[in-house]
Amino acid sequence: MTLSRPPALSALKEWDAQCQLLTLGRVSLLLRKGGILETHDGFEVEHRRFLLYPTFLHQNPQELQPQYQPLLRPDPAPGQIVLPALAEVVAVHKVESLEAALRLEPLQALTAGAIERRFHYRNRPWIHALLLRVRPLVTPLTLEETPDLLGCVSWVPLGDAAAQAGVAAVGEAELHDRQDELERLLTA
């Protein structure tokens, strides 16, 4: 009998404040456009299961809703990457209407101005809305910061890194309610 290895993990870079909110279950939605070094087509949902990679570069207090600004902090472990949670994509929508994208403001952490800026980034009017099931890791995964983990890209391959996820931060009934609200706002 041959045992298959689990697929290699990747991580999605996101502002630390947003990673905290997802890991705590306060939000389940991310709005993504892509990093400076993304391919010509921009951000794509390359993985349906990934670790959250908190970034401190480019966090902008003016682009976070006021109630989330207290989560902004300096990097607590310079030289290391501390990955707090495993995320699984429950739903993904490519939102091509600015009005629909702005209706999602209450479900996530960015301000309306930040949503609009990301929507129009690189003169490509769209944004991805990712509804995530997030499971905090039993023990956060700490990696040494190396050149291959840096740069303005969304996805980072982690090779043989392994992590054990715990219980979901948001129960299935609540996540279903959040998904229903997302669908309602996108079709309003």
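Described in the following lines is the structure provided in the data block.

Reading the values: rules and limits
Residues numbered from 1 in each chain as written. Predicted model: local features only at pLDDT ≥ 70, side-chain atom pairs only at ≥ 80, totals over all residues. Heavy atoms only, no water. Helix = DSSP H or I, 4+ residues; strand = E, 2+ residues; numbered from the N terminus. Buried < 20%, exposed > 50% of the residue type's maximum accessible area, 1.4 Å probe, protein only. Contact = heavy atoms within 4.5 Å. Areas by Shrake-Rupley, 256 points an atom, 1.4 Å probe, with all protein chains shown as cover. Core = buried A, V, L, I, M, F, W, Y, C linked by side-chain atoms within 4.5 Å. Pairing = 2+ DSSP bridges.

Next up on the list: the overall build of the chain. If you tally the helices and strands in the chain, you get 4 helices and 6 strands. Counting all 188 residues of the chain, 46% fall into the buried class. The contacts in the chain between residues at least 6 apart in sequence include a share of 86% that link residues at least 24 apart. On the chain, roughly 9,600 Å² of surface is accessible, and the fraction owed to carbon and sulfur atoms is 55%.

Before going further, it helps to spend a moment on the nonpolar core. Core analysis: the largest hydrophobic core is formed by 41 residues, its most contacted members being Leu-31, Phe-50, Leu-52, Val-95, Leu-104 and Leu-132. By residue number, the principal contributor to this core is strand E5 (residues 127-144), which donates 6 residues. Residues within four places of Leu-31 in sequence aside, it is in contact with Leu-104, Gln-108, Leu-110, Ile-115, Arg-118, Ile-127, His-128 and Ala-129. Grouped together as the second largest cluster of nonpolar side chains are 13 residues, Leu-9, Ala-11, Leu-51 and Leu-158 included.

What follows deals with the side chain of Thr-55. Mapped onto the elements, Thr-55 comes out in strand E3 (residues 49-55). With relative accessibility at 16%, the residue Thr-55 sits in the buried group. Setting aside its immediate chain neighbours within four residues, Thr-55 contacts Lys-13, Glu-14, Trp-15 and Asp-16.

The next thing to look at is the pairing of strand E4 (residues 80-95). Along any regular strand the residues' side chains alternate between the sheet's two faces. Alignment of E3 against E4, held across 3 bridges, turns out to be antiparallel. Residue pairing for E4: Phe-50 is matched across the bridge by Ala-87. With 14 bridges joining them, E4 and E5 adopt antiparallel strand pairing. Of the residues in E5, the one forming a bridge with Ala-91 is Leu-131.

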